[in-house]
Amino acid sequence: MFKNTIFYFAAIIFVAACSPKQTESPDINKLAEEYIRLGLDIGQYDGSFVDAYYGPDSLKPKTKADTAFPKQKFLDEVTALSARLQKITSDTSAAVSARAKWLLAQLKAYERRIKIFSGEYADFDTEAKDLFGVTAPKYDEKTFQQKLDELDKILPGNGSIFDRFQQLANRFIIPKNKIDTVFRTSILECRKRTLAHFTLPGQERFELELVNNKPWSGYNWYKGNYNSLIQINTDINIFIDRAIDVGSHESYPGHHVYNMLLEENLYKGKGLIEISMYPLFSPQSFIAEGSGNYGIQLAFPGDDRIQFSKEVLLPLAGLDTTGITAYFRATAIRGQLNYVRNEVARGLINGTMNETQALEWLMKYGLLNEETAKKSIDFIKVNRTYVINYNYGLEAVEAYVNKKAGTNATEDQIWKAFYQLLSEQIMTTDIVNQ
Ligand SMILES: [Zn+2]
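Residues numbered from 1 in each chain as written. Predicted model: local features only at pLDDT ≥ 70, side-chain atom pairs only at ≥ 80, totals over all residues. Heavy atoms only, no water.

Caption draft 1: Structural context of the coordination of the zinc ion. Around the zinc ion, the protein supplies His249 (NE2), His255 (NE2) and Glu289 (OE) as donor atoms, at distances of 2.0 to 2.1 Å. For Glu289, a relative accessible area of 6% translates into the label buried. (Donors = N, O, S within 2.8 Å, 3.2 Å for Na, K, Ca; no water. Buried < 20%, exposed > 50% of the residue type's maximum accessible area, 1.4 Å probe, protein only.)

Following this line, the structure appears as structure tokens:
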């Protein structure tokens, strides 16, 4: 009898653990499924809408889209679903209420993206707020000039800041035939450094592929079941620091890890079905890009990037190490100039800047060479306000993790706070207004 009772309780616990949906109100799960159905439907027309989906096949569209983009129908569906979710934002269950609020913010992004896809545009800040839940701080030329003055002091040689920076950078272009091995080595190092603090699913793996003709420098295509395809674009010259930055951003502890932790802890662990689809133009991307960039400095604190480049990557690429310290010091300041791209996107979207001016700004204040600056404009044309996620997202994620870890936190405590962030269904407003 006693043994049977234990078996009975064990069976109940087992069922509860395997069917987390049963512990939630069925209503929110139904609405979450509708949110996915709608997203996948829109994705039939807008190829950039769905970044990843690994949920049930039953939620995929039954028929192939063969009509013109039904803008109004989709907008009406967003409005109707939002109204039903609104009713449960004050649900007695905090978990249900939190999910409803999260879904509402995601649907706000659906609405804006539907409009953008059909050619209806808003100003820069309105678009960013609707898509990502935040508006980025605005910086003027004076702020950027101050950063350039800092660079002026550390760059070797004579001539303009732009020329001196390019001369230094050009020493560290990875030869085309070495890109694959340099990136592979860098990503494995990022993985090793992440595994020192995180336990990742045993079956996790990634594939690396070099591609061409893309508006981005790297991309992580998350396939579900802890698998990713990481693509690196080789259209333009790739500098040695990018092997660490892009490599880590797309993989460990960047996008590959973020997607895995969402799948493991939220989708499979808590049964949150909505997590199985990731709409690219949504508040989730503020956390994804911010954490992707924050992870680089977490995995390579202090001068670790300089040391790793000097000892491993540069010899592997067959490049001389002279000047590498000055180069990394300069790229750290140039990294702070990443906000230039926001202002260029703001100017192009608000119609206060033309493409010639945009190119001038990216070269003068962003210190991008001409081919990279042109690539950056291509990116803005396709992804628009998405650019704020890389810099403002990074700033917000860093402040959030540091606050959660507490003052005088150890390195491991900071990694743990970061793990927590990557495993939560969190709103961008919670991160920014902490
Ligand atoms: Zn990214």
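Caption draft 2: Spatial organisation of the domain arrangement of the protein chain. Split by domain assignment, the protein chain resolves into domain 1 (22-120) and domain 2 (141-432). Look at where the C-alpha atoms of domain 1 and domain 2 centre, and you get two points 29 Å apart. Across the domain 1 to domain 2 interface the summed buried area is about 2,400 Å²; carbon plus sulfur atoms make up 64%. For the domain 1 face of the interface with domain 2, the top three residues by lost area are Asp51, Tyr54 and Trp102, together amounting to 37%. Across the domain 1-domain 2 interface, the total number found is one salt bridge. A salt bridge links Arg99 to Glu274, with the nearest nitrogen and oxygen atoms 2.8 Å apart. Where domain 1 packs against domain 2, one counts eight residue pairs in polar contact (both at pLDDT 80 or more). Looking at the side of domain 1 that touches domain 2, the elements that each hand over two or more residues are α2 (26-43), β1 (50-53) and α4 (94-117). Top element by residues in the side of domain 1 that touches domain 2 is α4. It accounts for ten residues. For the side of domain 1 that touches domain 2, the class distribution of residues is 17 nonpolar, five polar and five charged. (Domains from an automatic or database assignment. Buried area = accessible area lost by both parts, 1.4 Å probe. Salt bridge = Lys/Arg side-chain N within 4 Å of Asp/Glu carboxyl O. Polar contact = N/O pair within 3.5 Å; in protein donor to acceptor, adjacent residues only side chain to side chain. Helix = DSSP H or I, 4+ residues; strand = E, 2+ residues; numbered from the N terminus. Nonpolar A, V, L, I, M, F, W, Y, C, P; charged D, E, K, R; others polar.)

Caption draft 3: Fine view of unusual backbone geometry. For the bond from Tyr252 to Pro253, the omega torsion is -5 degrees, close enough to zero to count as cis. Mapped onto the secondary structure, Pro253 falls in the loop between α9 (240-250) and α10 (255-268). Backbone geometry at Asn225 places phi at a positive 50 degrees, although glycine is not the residue there. Its identity is not glycine, yet Asn408 carries a phi of approximately 55 degrees, on the positive side. Among the structural elements, Asn408 can be located in the loop between α17 (388-405) and α18 (411-422).

Caption draft 4: Quick look at helix α16 (residues 370-383). Between its first and last C-alpha atoms α16 spans 20 Å; for 14 residues at 1.5 Å apiece the expected length is 20 Å, and the two agree. Those residues of α16 that fall on the buried side of the exposure criterion are Ala373, Lys375, Ser376, Ile377, Phe379, Ile380 and Asn383. Where the residues of α16 are buried, they touch β4 (227-233), α14 (339-350), α15 (355-364) and α17. Phi turns positive one or two residues past the end of α16, at Arg384, with a value near 55 degrees. (Expected span 1.5 Å × (residues − 1). Contact = heavy atoms within 4.5 Å.)

Caption draft 5: Structural detail: the sheet that holds strand β3 (residues 218-224). One open sheet holds the three strands; their spatial order is β2-β4-β3, and the pairing between them is mixed. The open sheet has two edge strands with one neighbour each: β2 (205-211) and β3. Between one strand axis and the next, the sheet turns by 20 degrees as a mean value, whatever way the strands run. Pairing of β3 with β4, which is carried by six bridges, proceeds in the antiparallel orientation. Along β4, the bridge assignment pairs Gly224 with Asn227. Contacting β2 and β4, helix α8 (residues 179-195) runs over the sheet at an angle of about 150 degrees to β2. (Pairing = 2+ DSSP bridges. Axes fitted to C-alpha atoms, helices over the stretch in contact; angles between N-to-C directions.)

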